[in-house]
Amino acid sequence: MKIKNRITLVLGVVFVSICANAQNKTFAKEEFKQWAQTPPMGWNSWDCYGPTVEEHEVKANADYMAKELKKYGWEYIVVDIRWFVENDKAGGYNQTDPRYVMDKFGRYLPAVNRFPSAKDGQGFKPLADYIHKKGLKFGIHIMRGVPKKAVEEKLPIKGTNGITADQIYSTALQCEWLRDNYTVVADKPGAQEYYNSIFELYAQWGVDFIKIDDLSRPYHEGEINLIRNAIDKCGRKIVLSTSPGETPISAAPHVSSHANMWRMVDDVWDTWPHITHLMDVAQKWYPYIAPGTWPDCDMIPLGRISVRGERGEDRMTRLTKDEQYTLITFFNIFKSPLFFGGDLPSNDAFTLSLLTNKEVVKMHNESTAVKQLFQKDGKIAVTSKNAKDGSVYLALFNISDVAAQNVSVNLADLGFTGSVEVLNMWTGEKLKISSKEIGTVLKAHASVLYQLKGKK
C-alpha cells in the first residue's frame, strides 16, 4: 500500500472514530442548562410561512440574519411545522391527503420538493451546513409522538430487536388540532428507543435547536422524560423548547429541569388582547427565570407576517408603533427567548431598530433578578438589575385603553437613596432626577424602558 493511501486510510479511521465518540457522548443530568445561559435569540418560519416554508426562504432569512442581526446575538434559524409534508397548504393544514416523507424506521424526512438539498437521503444536513457556515445555528420543529403512518405500516424501531411502531403507541391524548402522530406510551419497550432514534438522526443532520409541539396542555411528563433522555444520549447539544400552550405552573419544577424554554401561552399574534393576556399569565412565571431555563413569551409577530401563514393575509404587523414597543420591551425585560416571526428580508428600518438596540440587547443578556413590582389598574412595572455595571432597569406600561395614565415607581423601592441618572433606552434621552419617584405619563398601550444609575 502506498504511503499516501495509508495516511488517507488512517485519517479516515480517525475521523470515523471521532464521529463515533461524539455520537456516543452522554451528557450529565441538567448539563443542558449550560447550552442556553442567555435566552436564545433567532428566527422561526411559522408566523410568515405556516407549514409551507421552502428552502430558499429559509436561506434568505439566514442571509439577512448573518448580515444584520448576528452581531447583536441573534443566531438560530428554525424551520417550523410539517417540513416533511410535500403538499401542505397555507391558512391551516392539509389533513385530507397529506403526502408524508419518512425513512424505513418511521422517522420523518424533509420533503425534497420544498427542500431540494435533502435529496438522496441527506436530510437537513446540507441546509444545516449552509447555516453553520454563516456562524448561525439550525433548528427544527416536530410534533410529539410517533407517526400514524409508521404505526399503520408497523415500521421497525431503530435500535430494538424487532419492536415496531404499533407496539409503542396509544390513541389516548392524541393532538386535537393536528392528527399526524399518536401518543408514545412512555413505559412501553421501544418507546425510549424511538425517541433515541430520531435524535440520533437530528444530531447527524447538525440540528442545534428543537421545538416540540403539543407537550404542554395537558402536560406530557412521560414523553418529556423520553425526549430529555434522548437528547442527552445523542451526542449533540440540542436546545429544547416545549410548546405550546399554557404550561401549568404545577409543572414548573419538572419543565425547568428538563427543557431550556417552555411556552407560557398559546400563539401570540398581532392583536392587543394577545399581548395583555401574555402579561397576565407571565405574572406567575417570574420566579422561574434562570440561566439555561426560560419561560417563553412565544414568537415576535412583528414586521411582515402571514406571507403564507395561519392567521390572516400577507401583511405588516397590525400592532401600532406604541404596541410594538410595548411587546418588544416586555419580551426583553422578562428575558424571554426572542424568536422573530416576520420575514426578515422584508423588514423596514423601524422593525430592524427594535431588534438591534445595543443597550436593550445588553439588558436582555446580562440582567438578573427580574421581578414585577405591580400590575393593577392597567399599569405594570417590571424591574431587573445588571450586576456587572450596578445599573437597574425599569419598564413601565399602560396596558389600559385610558388615553393617558401616569405610571410611576418610588426610587426607594428600586434601592436608590440619592439622585439618579436615567437613560431612556429606546430614545437615547438622558436626564437626572432627584425626586422620590420616577415615572411618566403614558398613552394607551404605550410603555417606556429606563436604565438607572445612582447612589444606593
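Small disclaimer: the values here were computed from a predicted structure and weren't measured.

## Focus on the packing of aromatic side chains
Scanning the model with the defined rule gives 26 aromatic pairs in all. The interplanar angle of 70° and the centroid separation of 4.8 Å between the aromatic rings of F27 and W35 together place this pair among those described as edge-to-face. Take F27: its relative accessible area is 5%, and that puts it in the buried class. Under the relative-accessibility criterion, W35 is labelled buried at 11%. Among the aromatic residues, those joined into a cluster by ring pairs are W83, F84, Y100, Y108, F115, F124, F138, F199, Y202 and W205. Over the aromatic face of F32 sits the side chain of R228, whose NZ or CZ is 4.0 Å from the ring centroid.

## Notes on the sheet that holds strand 3 (residues 137-143)
The strand order across the open sheet formed by eight strands is 10-9-8-7-3-2-1-13, and the pairing between neighbours is parallel. What marks the edges here is a single partner per strand, and that holds for strand 10 (294-296) and strand 13 (338-340). The sheet shows a mean angle of 25° between the axes of neighbouring strands, direction not considered. In this sheet, strand 10 lies alongside strand 9 (residues 261-263) in parallel orientation, the contact comprising three bridges. Note that in strand 10 the partner of R263 across the bridge is D296. The sheet strands contacting helix 4 (residues 125-133) are strand 2 (76-79) and strand 3, and the helix crosses strand 3 at an angle near 140°.

## Concerning the pattern of salt bridges
For the structure shown, the criterion picks out 26 salt bridges. A salt bridge links R82 to D88, with the nearest nitrogen and oxygen atoms 2.9 Å apart. Judged by its relative accessible area of 1%, R82 is buried. D267 serves as the salt-bridge partner of R263, at 2.7 Å between the closest nitrogen and oxygen. On the basis of relative accessibility, which here comes to 1%, the residue R263 falls in the buried class. Shared partners join several salt bridges into a network, and the residues in it are R82, D88 and D180.

## Focus: the side chain of Q451
Residue placement: Q451 occurs in strand 21 (residues 447-454). In this structure Q451 comes out as buried when scored by relative accessible area, which is 7%. Excluding residues that lie within four positions of it along the chain, Q451 makes contacts with E359, D389, S391, V392, Y393, E421, V422, L423 and M425.

## What about the sheet that holds strand 5 (residues 169-170)?
Ordered by their spatial adjacency, three strands build an open sheet running 4-6-5, and the pairing between neighbours is antiparallel. With one partner strand each, in any of the chains shown, strand 4 (146-147) and strand 5 form the two edges of the open sheet. By the bridge criterion, two bridges tie strand 4 to strand 6 (residues 181-184) in an arrangement that is antiparallel. Counted as the bridge partner of P147 is N181 from strand 6.

## Digging into helix 12 (residues 358-366)
Among all positions of helix 12, only V360, V361, M363 and H364 are buried. Viewed along the axis of helix 12, the buried residues span an arc of 155°, placing them on a single side of the element. Where helix 12 is buried, its residues touch strand 1 (41-44), helix 10 (321-333), strand 13, helix 11 (349-355), strand 16 (391-398) and strand 21. For helix 12, the side-chain oxygen to backbone nitrogen distance between the N-cap and E359 is 3.1 Å, and the N-cap itself is N357.

## Concerning the environment of Y194
By secondary structure assignment, the location of Y194 is in helix 6 (residues 191-205). Look at Y194 and you get buried, because its relative accessible area is 3%. Once the C-alpha coordinates of Y194 and A28 are considered, the two residues, 166 residues apart in sequence, prove to be 21 Å apart. Setting aside residues no more than four positions away along its own chain, Y194 makes contact with F105, G106, R107, G145, V146, P147, I157 and I168.

## So, the UniProt feature "domain: Alpha galactosidase C-terminal" (unreviewed entry) in the protein chain
If you check UniProt for "domain: Alpha galactosidase C-terminal" (unreviewed entry), the listed places come out as residues 377-452 in our numbering. Helix makes up 0% of residues 377-452 and strand 59%, with an end-to-end C-alpha separation of 25 Å.

## Here's the deal with the domain arrangement of the protein chain
It is common to report an interface's size as the accessible area lost on association of the parts. Partitioning the protein chain into structural domains gives domain 1 (31-356) and domain 2 (374-455). Across the domain 1/domain 2 interface, buried area totals approximately 1,400 Å², and carbon plus sulfur atoms make up 66% of it. The largest share of the area that domain 1 buries against domain 2 comes from W272, T329 and I333, three residues that together contribute 40% of it. Linking domain 1 with domain 2 are one salt bridge, by the criterion used here. With a shortest N-O distance of 3.3 Å, D322 and K443 are connected by a salt bridge. The interface formed by domain 1 and domain 2 includes eight residue pairs in polar contact (both at pLDDT 80 or more). By residue number, the principal contributor to the side of domain 1 that touches domain 2 is helix 10, which donates eight residues.

Calculation rules
- Residues numbered from 1 in each chain as written.
- Predicted model: local features only at pLDDT ≥ 70, side-chain atom pairs only at ≥ 80, totals over all residues.
- Heavy atoms only, no water.
- Phe/Tyr/Trp six-rings, centres within 6.5 Å; stacked < 30°, edge-to-face > 60°.
- Buried < 20%, exposed > 50% of the residue type's maximum accessible area, 1.4 Å probe, protein only.
- Lys NZ or Arg CZ within 6 Å of the ring centre and 35° of its normal.
- Pairing = 2+ DSSP bridges.
- Helix = DSSP H or I, 4+ residues; strand = E, 2+ residues; numbered from the N terminus.
- Axes fitted to C-alpha atoms, helices over the stretch in contact; angles between N-to-C directions.
- Contact = heavy atoms within 4.5 Å.
- Salt bridge = Lys/Arg side-chain N within 4 Å of Asp/Glu carboxyl O.
- Arc of directions from axis to C-beta.
- Polar contact = N/O pair within 3.5 Å; in protein donor to acceptor, adjacent residues only side chain to side chain.
- UniProt positions renumbered as here; feature names shortened; annotations may be inferred.
- Domains from an automatic or database assignment.
- Buried area = accessible area lost by both parts, 1.4 Å probe.

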